[in-house]
Amino acid sequence: MAFKVIKESILKYNDDIAENIRTLLKEKKILMVNIISSPGAGKTTFLEKVGPMLGRKGIRFAIITGDCFTSRDAERIDALGLEVVQINTGGACHIDAALVKNALEEINISGKDLIIVENVGNLVCPAEFDIGEDMKIAFLSTAEGADKPLKYPLVIKESKLAVVNKVDLLKYVDFDMDFSEKCIRQINPGLEVIKISCKSGEGIERVLEWIKNKIKIKKENVL
Ligand SMILES: Nc1nc2c(ncn2[C@@H]2O[C@H](COP(=O)(O)OP(=O)(O)O)[C@@H](O)[C@H]2O)c(=O)[nH]1
Ligand SMILES: [Mg+2]
């Protein structure tokens, strides 16, 4: 019997929505960054640190936090008086474009310069899903081992910036920074690496400048 084979990529539906988001954000000249890390690397702590700094610099932004079940991250951001929408994936290990579209509908995006997405803690699946962002940021930490860029190459390949957090712990953990950078460069030779500590504040200003520069480029319609 004749039968049909449907060959459409499972990601096509997602990619169509992501493209719609990208078009909307291009029109409005809003930069969107997608922060991807393993659980506990310090994404929310970074947002707690950087959010008030962005506000003081006059940058208008909102945060979307992704988590399987809880609203703990959004509660932490909200406690600082920052605008935040929580996505609960109901157990799924990544955020997809449809969820981001729904979250954006909860934000008054007119007049915003920046949307920061904290993806679900996972170095594998989030890297595969386009959510309409301008760029992914690979957010690593010294507590998780220097070889992770090699083990999770897609997120490194897909990112425009690698942040290595928790440098304050370098004296306590076996983390070879040179080797880690070598692994990063092996996967993505030109990738910029910024080392930070959300605890001491070291390096945070550099990430902020990086984001500010990308906002400027977006406003000039280059991205
Ligand atoms: N020592 C140290 N701890 C950190 C740093 N950044 C985050 N943490 C801690 O790491 C843990 C996980 O942080 P969290 O922001 O919840 O990670 P997330 O799961 O990536 O959002 C918390 O106990 C933070 O206090 C840092 O730079 N240095
Ligand atoms: Mg978090």
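Here the structure is shown first, and the text comes after it.
All values derive from a computational prediction rather than experimental measurement.

Describing the overall build of the protein chain
- Looking only at helices and strands, the protein chain features eight helices and seven strands.
- In terms of principal-axis extent, the alpha carbons of the protein chain reach across some 65 × 45 × 35 Å.
- Scored against the burial criterion, the 223 residues of the protein chain give a buried share of 41%.
- A separation of at least 24 residues holds for 75% of the contacts in the protein chain among residues at least 6 apart in sequence.

Describing the site of ligand 1
- Around ligand 1 sit 16 residues in total, of which Gly42, Lys43, Thr44, Thr45 and Cys198 are the nearest.
- Taken together, the residues of the shell around ligand 1 break down into four nonpolar, eight polar and four charged.

Notes on the pairing of strand E6 (residues 159-165)
- A large share of E6 lies buried, amounting to five of its seven residues.
- Of the pairings in the sheet, the one linking strand E5 (residues 135-141) to E6 comprises six bridges and is parallel in character. Bridged to Phe139 within E6 is Val163.

Considerations on the packing of helix H2 (residues 43-56) against helix H8 (residues 204-219)
- It is the contact of H2 with H8, at a shortest axis distance of 11 Å, that shows an interaxial angle of 55°. If you check the angle between H2 and H8, you find them oblique. Considering the relative orientation of H2 and H8, their crossing is right-handed. Between H2, through Lys49, Val50, Met53 and Leu54, and H8, the contact on the second element is made entirely by Ile204, Val207 and Leu208.
- Classifying every residue of the contact of H2 with H8 gives six nonpolar, no polar and one charged.

Points about the environment of Lys195
- Within the element layout of this structure, Lys195 appears in strand E7 (residues 192-195).
- C-beta crowding within 10 Å serves as the criterion here: with 20 such atoms nearby, Lys195 is assigned to the buried category.
- Sequence separation of Lys195 and Ser159 is 36 residues, and the distance between their C-alpha atoms is 15 Å.
- For Lys195, the contacting residues outside a window of four places in its chain are Val164, Val167 and Gly203.

Regarding the nonpolar core
- In this structure, Val100, Ile115, Ile116 and Val117 are the most contacted members of the largest nonpolar core, which totals 54 residues.
- Not counting residues up to four positions away in its chain, the partners in contact with Val117 are Met32, Val33, Asn34, Ile35, Ile64, Gly66, Ile95, Val100, Ile131 and Glu133.

Section: unusual backbone geometry
- Positive phi outside glycine occurs at Lys29, with the angle close to 55°.
- Relative to the helices and strands, Lys29 is located in the loop between helix H1 (12-28) and strand E1 (31-36).
- Look at Lys166: it is not a glycine, yet its phi comes out positive at around 65°.
- Inspection of the secondary structure assignment puts Lys166 in the loop between E6 and helix H7 (177-187).
- Residue classification places Lys166 among the buried positions, given that 24 C-beta atoms sit within 10 Å.

Some details on the sheet that holds E6
- Here seven strands make up an open sheet; going across it, the order is E3-E2-E4-E1-E5-E6-E7 and the pairing parallel. At either margin of the open sheet sits one strand with a lone partner, and together these are strand E3 (84-88) and E7. Averaged over neighbouring strand pairs, the angle between their axes works out to 20° when direction is ignored.
- Taken together, the five bridges between strand E2 (residues 61-67) and strand E4 (residues 114-118) define a ladder with parallel strand orientation. Residue pairing across strands places Ile63 opposite Ile116, the latter belonging to E4.

Here's the deal with H8
- Under the 1.5 Å per step criterion, the end-to-end length of H8 is 23 Å for 16 residues, consistent within 8% with the ideal 22 Å.
- Restricting attention to buried positions, one finds in H8 the residues Val207, Ile211, Ile215 and Lys218. Around the axis of H8, the buried residues are gathered within 80° of arc, so they sit on the same side. What points out from H8, more than 90 degrees from its buried face, is the exposed set Glu209, Asn213 and Lys216.
- Among the residues trailing H8, Asn221 stands out with phi positive, at a value near 70°.

Quick notes on the rules
- Residues numbered from 1 in each chain as written.
- Chains lettered and ligands numbered in written order.
- Predicted model: local features only at pLDDT ≥ 70, side-chain atom pairs only at ≥ 80, totals over all residues.
- Helix = DSSP H or I, 4+ residues; strand = E, 2+ residues; numbered from the N terminus.
- Buried ≥ 20, exposed ≤ 12 C-beta atoms within 10 Å, placed from the backbone.
- Contact = placed C-beta atoms within 7 Å.
- Near = placed C-beta within 6 Å.
- Nonpolar A, V, L, I, M, F, W, Y, C, P; charged D, E, K, R; others polar.
- Pairing = 2+ DSSP bridges.
- Axes fitted to C-alpha atoms, helices over the stretch in contact; angles between N-to-C directions.
- Parallel < 35°, antiparallel > 145°, perpendicular 65-115°, else oblique.
- Left-handed = near helix turned anticlockwise from the far one by under 90°.
- Core = buried A, V, L, I, M, F, W, Y, C linked by C-beta atoms within 7 Å.
- Expected span 1.5 Å × (residues − 1).
- Arc of directions from axis to C-beta.

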